[in-house]
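Survey of secondary and tertiary structure
The lines below spell out each chain.
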Amino acid sequence: MKQVYSDVIAMRRDAFREIARLAYEDGDLHELRRAIFNMLPGEIPVYGTDIFRERAIAGERLRLALGLSVRDAGNLKPLDEDIDLADVSHRVYEAPLVNVIPFACQACPTKTVKVTENCRHCIGHPCKNVCPKKAIDWTSTDGAVINDTLCIRCGRCVEYCPYNAIIKYDRPCAMNCGVKAIGSDEFGRAKIDYHKCVSCGRCITECPFGAISDKSQIYQLIRSIKAGDHHVAIVAPSFIGQFGPKVGPEQVFEAIYQLGFTEVVEVGLGADLTTLQEAEEFVHLVPEKRPFMGTSCCNSWSLMIQKMFPDMAPYVSDTATPMIETAYYIKHGNPKAKVTFIGPCISKKLEALRHYVKDYVDFVITYEELGGMLSAKDLSTEKMAELQPREKIQQASKTARGYASGGGVAHAVAELIKEKWPEVEVNYEGAEGLANCVKLMKLAKAGKKDGMLLEGMACEGGCLGGPGTLSSITVTRRALQNFQNESLFGSPTENNLIQHFDPECITKEKESMQAIEEKRVDIAAMVDKIAYEKRKQQE
């Protein structure tokens, strides 16, 4: 749905552009109100019926783009409240990542079945006959009438009405949340249950009012670039086609250079390292030590398993994701480098905060946010198409670039196993969209996927359908196929950039840091328990 919500996309782009412009021009963040008037000049509302409300919402978007917390209508202090917390050259983050802007939310109705004026008052009234709860009455004057108290919203009446006179709908954010993390507050507005949320970002793209947004790091990133640090942009393979058909991959890289980055590297390089390790894991662990193995690349898929299927979490690959592998590869050569992951995913912002990741990945931004930075530097797609690239991109294999599309990770691992261990048969299956990922894991838990390699992608279409993308999957899928075919490396084993690099050291460091984190969590839990028991004794 994202591509058809052009006004929502424009609002987000404008906020990113204004924040990026302030960072590049060393603007005073205390003058943030001027940015609002740049976005919404004049007296006539642009998107609705009230210019003052639009400006209030724009102010919260700008705060989120700075990484600051969103506020409600009862807590609207000066716009620059806590602004100094954002005025730094390093990553800032205060949970939660995904936020509902309360006064932008329209309190859409929750799951509802409704009879429309199209009802013909037919004497067959199949809607009434198929209702399992007898929730539908029929009168000659009003036609079908639904008793909301009895109705269970099963939708059978919708299916059997010959005139399509009955409709079933839900609020878009909740309907598209695969982990059912969205409920309502006391005013009927959307409210996120962060115990369930895995920050996939689907609610952000599906809200027609643009009332849900994530926090950004672009201001701090630009400050760090301007401070003169050695910055390396690592770009996910799904970048292909995001800036239109006239902008080639090398021109996208050149545009990133012009933003101030010192180096630009394909994350496909790290994907090759991931493929090598996941293939080893599968061959040596499944099914003798693990009933099945889940791929590790999608952070929201991994978070979903940890939250909903914790006993299945040990069966997710121990291998680091391509983002981590690439960052480690870079910092292994230059420990002082600052690494920025550029991709389609907002969940990666959380992954980069993990204890075994935060020292390697310094910033995470999406293609949307990159677009805001490019706009602030007056680099339109037309100007990008005219850029003369300084290099040909050849850092990843064909299968690594295929990670961007749904099924690409499992395919890459299976192909490598076929190459190195032809005697091993690999059966794999993938799921796209969190709801389908949940279904897949339920089957795996029931023992129906034993011996298999399972790939989960939180977004439909894989990374090409991520919340931070700019172009439709249809367009980018074609461009990705061409990009894959341009690689000189058919397999990770042919990638000469990684032949002398030991990827296992990353996994070992990850396991070590995980052990430290688990021990820290255990100690914290023990301290909390002692404090609780002490309070009970005092009571």
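The preceding data block contains the structure.
Below: a short report on this structure.

Parameters and conventions
- Residues numbered from 1 in each chain as written.
- Predicted model: local features only at pLDDT ≥ 70, side-chain atom pairs only at ≥ 80, totals over all residues.
- Heavy atoms only, no water.
- Helix = DSSP H or I, 4+ residues; strand = E, 2+ residues; numbered from the N terminus.
- Buried < 20%, exposed > 50% of the residue type's maximum accessible area, 1.4 Å probe, protein only.
- Polar contact = N/O pair within 3.5 Å; in protein donor to acceptor, adjacent residues only side chain to side chain.
- Contact = heavy atoms within 4.5 Å.
- Salt bridge = Lys/Arg side-chain N within 4 Å of Asp/Glu carboxyl O.
- Pairing = 2+ DSSP bridges.
- Right-handed = clockwise from strand over helix to strand, strands pointing away.
- Axes fitted to C-alpha atoms, helices over the stretch in contact; angles between N-to-C directions.
- Parallel < 35°, antiparallel > 145°, perpendicular 65-115°, else oblique.
- Left-handed = near helix turned anticlockwise from the far one by under 90°.
- Nonpolar A, V, L, I, M, F, W, Y, C, P; charged D, E, K, R; others polar.

Among the secondary structure elements, glutamine 395 is positioned in the loop between helix H15 (381-385) and helix H16 (398-401). Note on glutamine 395: relative accessible area 16%, which makes it buried. At 2.7 Å, the side chain of glutamine 395 and the backbone nitrogen of glutamate 266 are in polar contact. Here glutamine 395 is in contact with Phe253, Val264, Val265, Glu266, Leu269, Arg401, Phe489, Asn495 and Leu497, once residues within four sequence places are set aside.

This brings us to the pattern of salt bridges. Within the structure shown, the criterion is met by 29 salt bridges. Across the pair glutamate 60 and arginine 71 runs a salt bridge, and its minimum N-O distance is 2.7 Å. In this pair, glutamate 60 sits in helix H3 (residues 51-65) while arginine 71 sits in the loop between H3 and strand S1 (98-100), placing the two residues eleven residues apart along the sequence. The burial state of glutamate 60 is the same as that of arginine 71; both residues are buried. A salt bridge links aspartate 214 to lysine 349, with the shortest nitrogen-to-oxygen separation between them at 2.8 Å. With a gap of 135 residues between them, aspartate 214 in strand S8 (residues 212-214) and lysine 349 in helix H13 (residues 347-351) connect regions that are remote in the sequence.

With respect to the secondary-structure elements, asparagine 299 resides in helix H11 (residues 299-308). Setting aside residues no more than four positions away along its own chain, asparagine 299 makes contact with Ser347, Leu350, Glu351 and Arg354.

This brings us to the pairing of strand S9 (residues 231-235). Counting buried residues along S9, five of its five residues qualify, which places the element largely inside the surrounding structure. Looking at chain direction, S9 and strand S12 (residues 338-343) are connected through five bridges and run parallel. The residue of S12 that forms the bridge with valine 232 is valine 339. Examined bridge by bridge, S9 and strand S10 (residues 263-266) share four bridges and lie parallel to one another. Of the residues in S10, the one forming a bridge with valine 232 is glutamate 263. Taken together, S9, helix H9 (residues 249-258) and S10 form a β-α-β motif whose crossover is right-handed.

Packing of helix H10 (residues 268-285) against helix H12 (residues 322-333) brings their axes to within 7 Å, and their N-to-C directions diverge by 110°. As the angle between them shows, H10 and H12 are arranged roughly perpendicular. Crossing of H10 over H12 shows right-handed handedness. Facing H10, whose interface residues are Leu269, Gly270, Ala271, Leu273, Thr274 and Gln277, H12 presents Pro322, Glu325, Thr326 and Tyr329. Its residues placed into classes, the contact of H10 with H12 shows five nonpolar, four polar and one charged.

Residue placement: isoleucine 166 occurs in strand S5 (residues 166-169). C-alpha of isoleucine 166 to C-alpha of isoleucine 146: the two residues are 20 residues apart in sequence and 9.9 Å apart in space. Every residue in contact with isoleucine 166, bar those within four places of it in the chain, is listed here: Val113, Lys114, Val115, Cys127, Ile146, Cys157, Val158 and Cys161.

Any functional reading would require information beyond the geometric quantities listed.
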